[in-house]
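Notes for the structure review
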Amino acid sequence: MPESPLACVNLAKDLTARCRGRALQLTDDEMLSITQDLESVIQNLCDYISRISTTTFDSNAYADVMFKSLPVRGYLEDDMLTNAMSIMPNRRPFHSSNTARLVDFLQGMYHESHEFRGQTFSSLPEISKYIEPLYGAFFCPLTNEVMTDPVLIESGVTFERRSIEEHFEMFADSSETVSCPVKKIALQSKMMTSNASLKSVIAEWTRRNEAMRIRIACTALSLSSTDAVVLEAIHELKSLVKVRGKNREQMHKVGVTRFLARLLDNNNVHIQRRALELLCLLVEDEEGKDIIGKTKAIDRTIKLLSSNGTDERHAAISFLLELSKSQLLLENIGSTAGGILILSTMKINGSDDPIAAEKAGVVLKNLEKCSKNIKYMAESGYLDPLQSNLVEGSEEIQMEMVSYLSELVLEHELTIDISGSASGVLIKMAQSCDTVSRKAALDVLVQLSSHRPNSKMLVEAGVVPVMVEELFIRKVDDEPLSYKAMAAAVLANVVESGIDPDTTVVNKEGHVLTSKYSIYNFVHMLKCFMPDELNLSIVRVLLALSVHANPLAAVVSVVRESHRGHSIVELMGSALEALSLAATRLLITLSAHMGHTIAERLCKTQGQPGKLVRSIIRAGRVVTERHAAAVTLLSRLPYRNVSLNLALVQEGAVPVILSGIEQVRSGSARTCRHDVPYMEGLVGALVRLTATLYNPEVLKAAMDHNFAAVLSGLLAGASGSGEVQRLASVGLENLSYQSIKLSRPPPDDEPRQKKKTILKRLKDARVHNHNSKNPKPNVCPVHRGVCSSATTFCLLEAGAVEGLLVCLENDDPQVVDAALGALCTLVDDMVDVDRGVAALAELDVARRVLAVLRQHRENALWHKCFTLVESLLVHGDDRCVKEVTGDRMLPTALVSAFHRGDATAKQAAESILRRLHKMPDFSATYVSMEF
C-alpha cells in the first residue's frame, strides 16, 4: 500500500482524537479549523486512491483488506460509510446531457452493436451496471452473489451470513478444526460480526442501481423502438418490482404505470400479456390503482378478456381481480361496456376455462360491493346478486333492489327468471302499508308474471290469494285504483300462463279461480267508468278462463244473469285499443252461447253498429288484429238476426265489406298473419246478410252489389282458405233459394187483359214495336223465367256451378257439404228438376258426386249426395243413368249408409236402393192372378 494514503489516515485519526478529547473545550474557530483540516485529508485520500492504476485492483485483494478492515480499526459508522464510498470505483456520472446519447443507443439496440460512452452493450442491465458499477467487495466469496447481510469472521474476511453459517455447520459433527474458507487458516471462534458499513454501502448502491435501472427501462419503454426492447424493459421493471416494494413507488413517479396502460393497445400479444403482468404487480398499492383509474386501462383490459389466447385472457382477468379490490374502482369496472357481461359469461361457462371462471367469480363478488354493479349484472342476465340482496338485505337494500328490478323490466324490458325466495319477498312487500313499497313491488310483479316460467313460481309463493284480496276485498281511502289494476294484471298474466285454474285457490274459504264466486266478482268489476287498465286485465282473466268448458259455462251464466253484456259491448268502443280488442274477443267467445243477446245489445247501444263497421275499414295497407276481430265477431253472431243485419246495411257495411274483400284478393294489402281471419270474417259478414233476404232493404243491398257474382268469384282456391269457400257456398245456397221467387216470367207468358181501351192498345203497340228492336231476354230453363246473377241470384247465370263442382274435390268435408247444399238447390222440387239435372249433367256432376261418396263417410254428405244421385237416376238421360248405375262403389256406399247412417241418410239410401231394385218396393201395387 502506498504510504501517502496511510499518512492521511493517521492524520485523520489524530484529528478525530482531538475532537473526542476536547469536545467540550474547543471553540467554534478551533472546531471549524479541525473540520477544514479533516475535509482536506479526506480529499487528499480520495485523490491518492484515484491515481492508483486499475490493474492494482484486478484481484481486489488490497481493496478487500482495506474495505473489510475498516470496522476492526474502530472507525465510527459515519466515517466508515464515508471512507467506503470514497474507495469505491469512480461512479460514472449520468446527467441529463447524456440522455440524448442513451436514447440513440436504445433506439438501435438489438438491431446492431452500438456504443455508449465508448462501451458496447447488448442489454439494459449492462448499461445500469456500467453507470452504477459493482464492486468486488460486495460479493460473497462462497456464493459469488451480492451480499444482503454481510458478517465478519475471525479471519477478517466478510461473508454472507447464511453461506458462512452453512459452512460452519459442515464442521458440527466433525472433529476437524473449523477453518476460513478463503484464507484456509484455523479459526478459534465461530463468532460473526455484522459488517454494518458494508451493508449500508451495498444498500445505497442497490438503491441507486435500481433507480437507474428504472430510469433506463422507462426510457426504453417510451421509445418503443422494437418489440424486443419493450419486452426487455418490461421484464427489467417486473424483476425490480418483485425485488423491492419501494420500487413500485418510483415507477409510479416516473410514469411507468401510466405508460403501461397505453401498451395494452399494442398489436403484439406478448407485449400485452407482459404489460398486464407488470401492471398486476404495480396496482397492489392504492396509488397504482388510483393511477390506473384515470387511464383507459380498464376498458382495454375488458377487451382482452375476449382474447383467443389463454395466457392473455388469464393475465387480463388477474389484473381485473387486483383492481376489483379497490372500492374506488368498482363502479368504474362495472360501468365499462361489456365488462360484466363478459365476466358473467366466463363464470357461467366455467368448463371452458376453469381458471378464468374462478377468478371471474371473485371479481364479480368484489363488484357486488357497489350497488350499481348489481344492476349492471342484472342487465347482463346475471341475477344472483340482485336476488340474494333482495332476500337477505335490509329494508333499504330491498327497496333499492326492487327499484332496480322495476327499472330493468319496465325500461329495458328484460325477461327475468325470479327465484321462489325472491318471489316471496316481493309478495310480502305488495301487502305492505307503505305505498311506495307496494307500488314498486306490484310494478315488478306485473312484469315478472308476464314471463310464463315465473307464473308457476309466483303461484307456489302465494301470489293469487294476495292479488285477489287486493282486487276484491282491500279498500283503502284515497288509494288510487291503479293498485287494483296492477293486481288484476298479475292475475291475468298468471291465468294466461297455462296454470290449472280448477286447483288454484284464491282465498281461505277454498274458492278457486273457476268457482262462481271468483267469476261473479270478476264480471261485476267490469264497469265503463273504471280505469281502462283494470277493465283490460279483468277481460283478459275472463278470456283465459273461457278456454276451459266449465268456467266458460259459468261466465256465460253470470253475464246473462247480471246483464253485464252491455258493459262488454260498450268496452268495444274504448279508446284503448288493447281493451277494445280484448272485449271483442270475449264477445266472439260468448257469441256461440248467447249470440242473440249480444246482437241485440249491439243494436241497442247507440252508435255501436257504426263503430263496428268503421273498425273494419283499414287506414293503411296492413291488416291489424283489431280489423280481423271486428269482422270475425260479425261473422260469428247469429246470421238470422234481422235487427243486426238491417243495422249493418243502414250503416253502409256492404260497400266496406266488398272493398275489403277486393283489397285482399287484389293483393293491395301487405301480407300479414291477420289476412286469413280478416278475409274469412269479411266473407262471413257478407254471407250473414243472405240469411235475411226476406227483408226488403237487405234484399235490395244484395241486388245492388250482385252478391251472387261476388260469392261465385270466391269459390276459386286462390281466393282464400277453405273456410272462405265454405262460406261462399253457404251464401250461394241462400241466394239460390230466392231465385225461383225472384225470377220473372217471360213477356209472352204474361196474362192478357180482358178489355183494353183504344189508347191502351195503341200504347201497348208502341211498346211492342220498341221491344221488337231489342233482343228477346234469355229464359232460365231451371227457374222458368228471366234470370240474372244480380236480380235473381241465379247460379247458372252467375257461373257458380263450375266453382261449386271444384269445391267437391276439397278434402275438408265442411266445404264439400256446403257446395253440395248449393248444388241441391238446382234439383229442388220448386224448380224444373229435369232441366236442372240436364244442366248439371253437362258439367259431369255424376262423376264428381260419386267421387265424394268414395272419399267421405259423413251423414250430412251422404244425404246430399244421395239426393243428387236420385235426381240423376230419376230425371237424367240414359247416359247419366248408365254412369250412375255402372259405378261399383255406389252399392257399397248405399249399404254402408243404410247400416250406419242417421235417419235422413238411411231414408235417402233406401230410396236409391229401391230404385236400383236392391230392396223390395212396398208401395208397389200387385194384381192377384188365378191360375
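From a predicted model like this one, the values you see are computed outputs, not experimental measurements. (Residues numbered from 1 in each chain as written. Predicted model: local features only at pLDDT ≥ 70, side-chain atom pairs only at ≥ 80, totals over all residues. Heavy atoms only, no water.)

What follows deals with the overall build of the protein. Each helix and strand in the protein was counted, giving 49 helices and 7 strands. By the burial criterion, 48% of the 931 residues in the protein qualify as buried. Sequence-distant contacts, at least 24 apart, represent 66% of the contacts inside the protein between residues at least 6 apart. Carbon and sulfur atoms make up 51% of the accessible area of the protein, which amounts to about 46,700 Å² in all. (Helix = DSSP H or I, 4+ residues; strand = E, 2+ residues; numbered from the N terminus. Buried < 20%, exposed > 50% of the residue type's maximum accessible area, 1.4 Å probe, protein only. Contact = heavy atoms within 4.5 Å. Areas by Shrake-Rupley, 256 points an atom, 1.4 Å probe, with all protein chains shown as cover.)

At their nearest, the axes of helix α45 (residues 845-855) and helix α46 (residues 859-875) sit 10 Å apart, and the two run at 150° to each other. Between α45 and α46 lies a crossing of left-handed hand. Of the residues in α46, those in contact with V845, A846, V849, L850, V852 and L853 of α45 are W862, C865, F866, L868, V869 and L872. Among the residues making up the contact of α45 with α46, the classes are represented as 12 nonpolar, no polar and no charged. (Axes fitted to C-alpha atoms, helices over the stretch in contact; angles between N-to-C directions. Left-handed = near helix turned anticlockwise from the far one by under 90°. Nonpolar A, V, L, I, M, F, W, Y, C, P; charged D, E, K, R; others polar.)

All told, the structure shown has 3 aromatic pairs when counted by the stated rule. Centre to centre, the rings of F472 and F522 are 5.1 Å apart; their planes meet at 65°, and the pair counts as edge-to-face. Of this pair, F472 sits in helix α25 (residues 463-473) while F522 sits in helix α27 (residues 516-524), and the two are 50 residues apart along the sequence. The pair F472 / F522 is uniform in exposure class, with both members buried. (Phe/Tyr/Trp six-rings, centres within 6.5 Å; stacked < 30°, edge-to-face > 60°.)

With that settled, the discussion passes to the environment of R848. Among the secondary structure elements, R848 is positioned in helix α45. Through-space distance from the C-alpha of R848 to that of E809 is 7.7 Å; in sequence the pair is 39 residues apart. Setting aside residues up to four positions removed in sequence, R848 forms contacts with L805, V806, L808, E809 and L843. Side chain to side chain, R848 and E809 meet in a polar contact 3.0 Å long. (Polar contact = N/O pair within 3.5 Å; in protein donor to acceptor, adjacent residues only side chain to side chain.)

One key point about sheets: their strands pair by backbone hydrogen bonds, in either a parallel or an antiparallel sense. The 3 strands are arranged β4-β3-β5 in an open sheet whose pairing can be described as antiparallel. The strands lining the two open edges of the sheet, one partner per strand, are β4 (158-160) and β5 (193-194). Here strand β3 (residues 150-152) runs beside β5; their pairing, made up of 2 bridges, is antiparallel. Directly across from L152, in β5, lies its bridge partner T193. Running at roughly 95° to β4, helix α7 (residues 161-169) makes contact with β3, β4 and β5 of the sheet. (Pairing = 2+ DSSP bridges.)

Low-pLDDT stretches of the model should not have their predicted coordinates read in fine detail. Here the protein averages 80 in pLDDT, and 81% of its residues register 70 or above. Across residues 752-756, where pLDDT falls below 50, the model places 2 contacts with residues more than four positions away in sequence or in other chains. Every residue in residues 924-931 scores below 50 in pLDDT, and together they form 1 contact with partners more than four places removed in sequence or on other chains. (pLDDT = per-residue confidence, 0-100.)

In this section: the nonpolar core. Core analysis: the largest hydrophobic core is formed by 179 residues, its most contacted members being M467, F522, L590, L853, F866 and V869. With sequence-adjacent residues up to four places away left out, F522 is seen in contact with L471, F472, L491, L513, I538, V541 and L542. By size, the runner-up hydrophobic cluster in this structure holds 55 residues, among which are I214, L221, L278 and V283. (Core = buried A, V, L, I, M, F, W, Y, C linked by side-chain atoms within 4.5 Å.)

Along the polypeptide, N195 turns up in the loop between β5 and α8 (196-223). Residue class for N195 comes out buried when judged on its relative accessible area of 1%. At a separation of 3.2 Å, a polar atom in the side chain of N195 contacts the side chain of T158.

Even without being glycine, R784 reaches a positive phi, approximately 60°. Among the secondary structure elements, R784 is positioned in the loop between β6 (779-780) and β7 (785-786). At D844, a residue that is not glycine, the phi angle is positive and equals roughly 60°. One can find D844 in the loop between α44 (833-842) and α45. Owing to a relative accessible area of 24%, D844 belongs among the partly exposed residues under this scheme.

With that settled, the discussion passes to the pattern of salt bridges. Oppositely charged side chains may form a pair once their charged atoms are brought near each other. Applying the stated rule across the entire model yields 32 salt bridges. In this structure, the salt-bridge partner of D149 is K199, at a minimum N-O distance of 3.9 Å. Within this pair, whereas D149 is found in the loop between α6 (124-131) and β3, its partner K199 is found in helix α8, the two being separated by 50 residues in sequence. Judged by relative accessible area, K199 falls into the partly exposed class, the value being 36%. Among the salt bridges present, the one from E322 reaches K289, with a minimum N-O distance of 3.6 Å. Remark: K289 occurs in helix α13 (residues 286-293) and E322 occurs in helix α15 (residues 310-323); sequence separation between them is 33 residues. The same class applies to E322 and to K289, which are both buried. (Salt bridge = Lys/Arg side-chain N within 4 Å of Asp/Glu carboxyl O.)

Time to look at helix α9 (residues 227-243). Over its 17 residues, α9 runs 24 Å from end to end, which matches the ideal 24 Å to within 8%, given 1.5 Å per residue. Residues of α9 that are buried include every one of V229, V230, A233, I234, E236, L237, K238, L240 and V241, and no others. (Expected span 1.5 Å × (residues − 1).)

Right, let's talk about α15 for a bit. Here α15 contains 14 residues, and its C-alpha end-to-end distance of 20 Å stays within 8% of the 20 Å for a straight helix at 1.5 Å per residue. In terms of burial, α15 is largely enclosed, as 12 of its 14 residues are buried. All buried positions along α15 are accounted for by E312, R313, H314, A315, A316, I317, S318, F319, L320, L321, E322 and L323. Close packing links the buried residues of α15 with α12 (269-282), α13, α14 (297-304), α16 (330-335), α17 (339-348) and α18 (354-367).

Turning to the side chain of S546, a few remarks are in order. Counting through the fold element by element, S546 comes out in the loop between α28 (532-545) and α29 (549-562). Here S546 is in contact with L552, V555, L586 and T589, once residues within four sequence places are set aside.

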